[in-house]
Amino acid sequence: MLLIICIFVWEYGNQEDITLLIYHRNNMKQLLRLTAIFIATFTLTANATANIIYVDSAVINANMNGTSWGEAYADLQSALDSANDGDEIWVAQGTYYPSKIVGEIPTIDTRDQSFVIPANVKVYGGFAGTETNFSDRNIANNKTTLSGDIDDSDDARDNCYHVVFAVIQTNEEITLDGFTITGGNANGNKIVTINGESFSQSYGSGVFVYSYSTADGSITITNNTITENAATISGGGIFASVSASGSGLVTITNNTIKGNRAKNGGGVYAYTDPPRFGNSSITITNNTITENTTTVSGGGIYAHAATATIFPGNSSITITNNTITENTTSSVGGGIYAYTYALGSGSCSVTITNNIINSNNDSSGGGIYAYSTAYTSSSGLITITNNTITENTSTSSGGGIFANTNGNGSIIINNTIFCENKKAGNSNDIEIDGSGTITVSYSLLQKTLEFGINDLGNNIVVKDPQFVDPTNGDFQLMQNSPAVNAGNINVYNENIAGDKDVNGKKRIQAGFIDMGACESAYTAL
């Protein structure tokens, strides 16, 4: 028997002009309201056999039990409801609509419906409906759509609040793989309750996932196209939150996240905040994040790593090998809004590596708005390494990056190329504010660093980094580029970022590394 005692705390926090709903645990200094205490006793059991459950909207059969393609469920939620631990669900091409009410809701209407994914189940789209081997799946040819437009009217006002919804606890995992997810409209004002946890219907319109556990828990969102979803608060495409007293992880990889809208985090809203001694992590890798918009912060990605407890805890978000382009916000962080907030003795970090951050725009921090705050004995760190930050614009500050630090917060920029970033039409790489530490080294800049930035050396000030074909999105370096072999291999962390660049090339070659996100084919003689 395993006894778990969970205490949940909600807090409303303010950060400058940005008001967000933030969950903090064990933060007695800022404790505002205790919302639920419960004790659950349960026995962990393992399902001895794992099955494949088949779904095909085109099948009309009186004996639809999901045991084969010929007897497939026509409704995806029927398959989800029948799944046991370890089962896989294979879904054939077609369009599917949510049909299950999420959690406990005071009043119910059809907009409360979602695809509710149970724990320990893997859900795969992209099948033709004849395959016997998983390797025969072809996502590109067999478009499998999960749509929140439940009445197929193209009127978003009556669309579902969340298309996909998943909450996991201890030793649970979920995989969502191979779908087009569209038509979510998270503009509700009701509170959804699941297992004592409460959630707003104004967060996570395309995909809403939350992991809280006392041991390992993981959610994987991969190989999906997440497009044309909208949230009034946070997470137009994806809302992902991890608060684990054990180890909790959400992995967002190999997705196209396009044309989503929200107040914060148009493409992705990522939030980590562990209770005491916990490890909460989100990784965002190998995605194309483009044409998303927000009214406040993080047009492409909003990444907030927090620790708000007097006990040690580790909170981390890694953003690696993504193409982040043409995202827009009215305020801060056109491409990425990166924020660390630490209290007590915990540590939190946002690590941004090997990304192409191009043609994003906003008021402050066109490419990245980085804000690191840490107090008492805690640490907050934003690391920006081997990125190509180009052609981003801001109207007021920080065309490439706006960096803001307080207390023990620090921002480190290494091996990064800045090119053609503009503030109010003028060349502008990095601007800063705050009392913390900001350092730059081994980076290609188009103007000298402003006063207050700690220049650690080996920076290059040059107009042209000599990209192969930037007009068509090819940011590889030509042979004579001053950025070839000009990076520092000692600041590149393969354990976090892997050994490949954004194009899949080996990152460190013959003991050298280039500046920027793309490793060239040229090494020093």
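Residues numbered from 1 in each chain as written. Predicted model: local features only at pLDDT ≥ 70, side-chain atom pairs only at ≥ 80, totals over all residues. Heavy atoms only, no water.

## So, the nonpolar core
With 77 residues, the main nonpolar core has Leu76, Ile89, Ile252, Ile284 and Ile319 as its most contacted residues. In this view, Ile89 contacts Ile53, Val55, Leu76, Ala79, Leu80, Ala83, Val121, Lys122, Val123 and Tyr124; residues no more than four positions away in its chain are not counted. Core analysis: the second largest hydrophobic core is formed by 24 residues, Val102, Tyr203, Tyr210 and Tyr369 among them. (Core = buried A, V, L, I, M, F, W, Y, C linked by side-chain atoms within 4.5 Å. Buried < 20%, exposed > 50% of the residue type's maximum accessible area, 1.4 Å probe, protein only. Contact = heavy atoms within 4.5 Å.)

## Details of the packing of aromatic side chains
Each aromatic ring pair is summarised here by two numbers: the centre-to-centre distance and the angle between the ring planes. Applying the stated rule across the entire model yields 23 aromatic pairs. Where Tyr337 meets Tyr369, the ring centres are 5.4 Å apart and the plane angle is 15°; that geometry is what we call stacked. With Tyr337 in strand β33 (residues 336-344) and Tyr369 in strand β37 (residues 368-374), this residue pair connects regions lying 32 residues apart in the sequence. Of the two residues, Tyr337 and Tyr369, both sit in the buried class. For the ring pair Tyr369 and Phe402, a centre distance of 5.2 Å and an interplane angle of 25° mean the geometry is stacked. (Phe/Tyr/Trp six-rings, centres within 6.5 Å; stacked < 30°, edge-to-face > 60°. Helix = DSSP H or I, 4+ residues; strand = E, 2+ residues; numbered from the N terminus.)

## A word on unusual backbone geometry
The phi torsion at Asn354 lies on the positive side, around 60°, for a residue other than glycine. In this fold, Asn354 is placed in the loop between β34 (347-353) and β35 (356-358). Accessibility expressed as a relative area gives 0% for Asn354, which makes it buried. One non-glycine residue, Asn485, lies in the positive phi region at around 60°. Here Asn485 shows up in the loop between β52 (474-477) and α2 (494-497).

## Quick look at the pattern of salt bridges
Using the criterion set out here, one finds 9 salt bridges in the structure. Lys100 is the partner of Asp81 in a salt bridge, and the nearest nitrogen-oxygen pair spans 3.1 Å. Placement of Asp81 in helix α1 (residues 76-82) and of Lys100 in strand β7 (residues 100-101) is noted, with a sequence separation of 19 residues between them. On the basis of relative accessibility, which here comes to 48%, the residue Asp81 falls in the partly exposed class. Its salt-bridge partner being Lys423, residue Glu431 comes within 3.3 Å of it at the nearest N-O pair. (Salt bridge = Lys/Arg side-chain N within 4 Å of Asp/Glu carboxyl O.)

Spatial relationships are all this shows, so hold off on functional conclusions.
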